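Structural characterization, general
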Amino acid sequence: MTAVEPARISRTALPEIVPFEPSWDPEPPIFRFPAEDDEAPASTRVLAMAGYSAMLGLTGVGVGLYALLAVLRGAPGWYLPALAMLTMFSVGLAVGAFLSVHQRTLPWILLLAAAPPMLGALLLAVAF
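Residues numbered from 1 in each chain as written. Predicted model: local features only at pLDDT ≥ 70, side-chain atom pairs only at ≥ 80, totals over all residues. Heavy atoms only, no water.

As recorded in UniProt, the sites labelled "transmembrane region" (unreviewed entry) are residues 52-72, 78-101 and 108-127. As annotated, residues 52-72 comprises 100% helix and 0% strand, and the C-alpha atoms at either end are separated by 31 Å. Taken as a whole, residues 78-101 contains 88% helix and 0% strand, while its terminal C-alpha atoms sit 35 Å from one another. (UniProt positions renumbered as here; feature names shortened; annotations may be inferred. Helix = DSSP H or I, 4+ residues; strand = E, 2+ residues; numbered from the N terminus.)

A few words on the nonpolar core. Counting residues in each nonpolar core, the largest one holds ten residues, listed as Met49, Leu56, Leu93, Ala94, Ala97, Val101, Leu110, Leu111, Ala114 and Met118. The set of elements that each furnish at least two residues to this core consists of α1 (43-72), α2 (79-99) and α3 (106-127). Looking at this core, the element that brings in the most residues is α3, giving four residues. In contact with Leu110, not counting residues within four places along its chain, are Phe31, Leu93, Gly96, Ala97 and Ser100. In this structure, Val63, Ala67, Tyr79 and Leu124 belong to the second largest nonpolar core, which totals nine residues. (Core = buried A, V, L, I, M, F, W, Y, C linked by side-chain atoms within 4.5 Å. Buried < 20%, exposed > 50% of the residue type's maximum accessible area, 1.4 Å probe, protein only. Contact = heavy atoms within 4.5 Å.)

Structural data, given as structure tokens:
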């Protein structure tokens, strides 16, 4: 064979591609959107979670309106970022609660954990 002649290499069989399937039944993730085969959570549970979240949300709206007035009156530069951080942390915990609605106690823990940052934002807003 010379450098000019192409090499006559051929494969007669291709390797079989086998998809990986775990031998155990993996647990579903904790934070996820409900799948089609999930059973619906109880209506009272969702209603209670929505009511609690509505209280948090209305408190956040009040904090935002009060912060707007404080900024127009000349609040310090750190004021708005601090309020935004506290309220977004509270919103993130509330979102996590709704994404974990199929768990037993985790949504309630997350909703209860969302209240202190919102209370801190409320106290910070009222202080200025």
